[in-house]
Amino acid sequence: MLPSFLKRPPEFDLFPLEDEHLLLAADLHRKRFSPSWSAGEFRKLLAQTPVYGHIARPNRGAAEAAGFVLARSVGDESEILTICVDRQFSRNGLGWRLMVASMQEARAMGAQAMLLEVSAENAVALSLYRKLGFVEVGRRKAYYTHDDGTRTTALVMRRDLG
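Conventions we followed
- Residues take numbers from 1 onward in each chain, read along the sequence in its written order.
- A pLDDT threshold of at least 70 governs which residues receive local features in this predicted model, and a stricter bar of 80 or more applies before side-chain atom pairs are shown or counted, although totals over entire chains, interfaces and linings include all residues.
- The basis for every side-chain value is the complete set of heavy atoms in the structure, and neither hydrogens nor water enter the calculation.
- Following DSSP output, two strands are said to pair if at least two bridges run between them.
- Segments assigned H or I by DSSP are reported as helices when at least four residues long, segments assigned E as strands when at least two residues long, and all are numbered from the N terminus.
- Interaxial angles span 0 to 180 degrees and are taken between N-to-C directions of axes, which are lines fitted to C-alpha atoms, for helices over the stretch in contact.
- Contacts are assigned to residue pairs with any non-hydrogen atoms lying within 4.5 Å of each other.
- Orientation labels follow simple angle bins: below 35 degrees gives roughly parallel, above 145 gives roughly antiparallel, 65 to 115 gives roughly perpendicular, and whatever is left gives oblique.
- Note on convention: the crossing is left-handed when the near helix lies turned anticlockwise from the far helix by less than a right angle, right-handed when the turn is clockwise.
- The residue classification treats Ala, Val, Leu, Ile, Met, Phe, Trp, Tyr, Cys and Pro as nonpolar and Asp, Glu, Lys and Arg as charged. All others, Gly included, are polar.
- We define a salt bridge as a contact between a side-chain nitrogen of Lys or Arg and a carboxyl oxygen of Asp or Glu at a distance within 4 Å.
- Throughout, exposure labels follow a simple rule: accessible area from a 1.4 Å probe, protein chains only, divided by the maximum for the residue type, with under 20% read as buried, over 50% as exposed, and the rest as partly exposed.

Turning to the sheet that holds strand β7 (residues 151-160), a few remarks are in order. One open sheet accounts for 7 strands, arranged β1-β2-β3-β4-β5-β7-β6; its pairing is mixed. Where the open sheet ends on each side, the last strands, each with one partner, are β1 (12-16) and β6 (135-145). Across the sheet, the mean angle from the axis of one strand to that of its neighbour is 25 degrees, orientation sign disregarded. Relative to strand β5 (residues 113-119), strand β4 (residues 77-85) runs parallel, the two sharing 3 bridges. Across the sheet, residue Ser78 finds its bridge partner in β5, namely Met114. Against the sheet, helix α3 (residues 94-108) touches β1, β2 (51-58), β3 (67-74), β4, β5 and β7, its axis set at about 155 degrees to β4.

A few words now on the packing of α3 against helix α4 (residues 123-131). α4 packs onto α3 with a crossing angle of 50 degrees between their chain directions and a minimal axis gap of 11 Å. As judged from the angle between their axes, α3 and α4 are oblique. α3 and α4 meet at a crossing whose hand is right-handed. On α4, the residues touching Gly95, Trp96 and Met99 of α3 are Leu128, Tyr129 and Lys131. Looking at the contact of α3 with α4, its residues break down into 4 nonpolar, 1 polar and 1 charged.

Moving on: the pattern of salt bridges. Tallying each qualifying case throughout the model produces 6 salt bridges. The shortest N-O distance in the salt bridge between Lys31 and Asp27 comes to 3.8 Å. In this pair, Lys31 and Asp27 both sit in helix α1 (residues 22-32), 4 residues apart, roughly one turn of the helix. Of the residues examined, Lys31 reaches a relative accessible area of 51% and is grouped as exposed. Classification of Asp27 by relative accessible area gives partly exposed; the value is 29%. A salt bridge links Asp160 to Arg158; the nearest nitrogen and oxygen atoms lie 2.4 Å apart. If you follow the salt bridges from partner to partner, you end up with Asp27, Arg30 and Lys31 in one network.

This is the structure in structure tokens:
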């Protein structure tokens, strides 16, 4: 086994999220979230004009989705609707790349700021968002419900895109 400093992180190709990717996105969302969104729910969202997304696949020709992001941009604001990275590809910069792609597209659509919600318990996501310059602007207590019935606070975060 190679020492960790000699291992290369996986590389990914990013594509616009389109109808042909929705089953992959729904499958990955089901692995990471409960409740999860179906391909039909993704299709309905993506059919809305201000909604856009990106999907990442390992560039080694794999058929699976490594991650995706879905966002909406209206007027001068954009919001992340959901972002998801497969556990096997965590900590390889993929979440960063997906977020940067979404922020760039939001700017191109005229957005001046981006918002998102994240569980207060999701330390990995919070670290990423803070590194990207997002700051907490609000809290929604007991917003997320887990399978066991417990509830978690959602943090509302914002970043200027100017």
